[in-house]
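# Understanding the architecture of this molecule
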Amino acid sequence: MRERPGLYFGSCDAFGALHLALEVIANSVDQFLQGHARQVRVQHDDWFLEVEDDGEGYPLESELGERYLTDLHHAPHVHLFTQGVGLAPVNAVCSTCQVESVREGQGYRLAYESGNLVYQERADLDFSRGTRVRLSLDRHLWTQGFAAGPLRRRLFDFVHLIPGLAVTLNQEHFHAPHGLLDLAQFHGEWLGERALNYEGKTDFLMLQVAAVGDTDRRMDIQSWVNGACTEEHGSHVNGALEAFQEAGWRPARVLVHVIMFEPEYAGPTRRKLRSPRALRQVRALLRQALS
């Protein structure tokens, strides 16, 4: 991993560092999706990153806990933001990486240097619940560190994609209680009184749709799968548009986000979702809501 970090993060510049940061943050957001956490706190400078959540904590004292930091293959989960490389590559390309966690009232700490375990210990931590990851990028491997603008924009968007999630980035707080509807109305232009804000789920996916206004022109459509923008849309958008068409509504702006365990895409760039099952389920959920 240290010999070819770009294989895991795309590059060793600010773009790759963003990928790495989102990989760590995604684990905390997963805790929110599972109902264990309420907020995520992120602090960073050019080369340092700290991510903390108030979730259920990692089982760091067990063999499984160490595998989170050293093994490429771990328990599957919904991969948010990125392709989901896991924490092992993150750990490997950092000069230091420390994970602290409180689980079932017991604090524990693991510390690594260049991916190698330095020490592990029980610890009295300054928080009563959750996990905190602190890391420093290895400057022998990275040409650039964390850029503030791109990370801020991704987290701003993401609180709208996950309604109820609260994120603190340095001293700035992000929270969108109405999710995608807040984002759809963010620019402030008047699109009409008609509005929909819908959340639903099946055993296959979680769906969030916001729609505002009416138009006889081209609709403004934005879509995401697992927090990543799908510029060419695909099955989830097609299912939503079919439901709107059946209801006789042509919204001026439509935003669609689905969270899936293993999404399938039409091509390696992941710009378009290809899943007939997702199309059917999005259409059915939204059809019921519109009725």
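Only a predicted model underlies this, so the values are computations on that prediction, with no experimental measurement involved.

## With respect to the sheet that holds strand β12 (residues 228-229)
Pairing is mixed in the open sheet, where 5 strands are placed in the order β9-β10-β13-β11-β12. With one partner strand each, in any of the chains shown, β9 (195-201) and β12 form the two edges of the open sheet. For strand β11 (residues 220-225) and β12, the ladder comprises 2 bridges, and the chain directions are antiparallel. Residue V225 lies in a different strand from β12, and its bridge partner there is A228.

## Some words on the pattern of salt bridges
Per the stated rule, a full pass over the model turns up 19 salt bridges. Between D54 and R38 there is a salt bridge, and its shortest N-O distance comes to 3.5 Å. With D54 in the loop between β2 (48-53) and α3 (63-70) and R38 in the loop between α2 (14-33) and β1 (39-44), this pair connects stretches of sequence that are 16 residues apart. For D54, a relative accessible area of 13% puts it in the buried group. The partner of D157 in a salt bridge is R153, and the shortest N-O contact between them spans 3.0 Å.

Calculation rules
Residues numbered from 1 in each chain as written. Predicted model: local features only at pLDDT ≥ 70, side-chain atom pairs only at ≥ 80, totals over all residues. Heavy atoms only, no water. Pairing = 2+ DSSP bridges. Helix = DSSP H or I, 4+ residues; strand = E, 2+ residues; numbered from the N terminus. Salt bridge = Lys/Arg side-chain N within 4 Å of Asp/Glu carboxyl O. Buried < 20%, exposed > 50% of the residue type's maximum accessible area, 1.4 Å probe, protein only.

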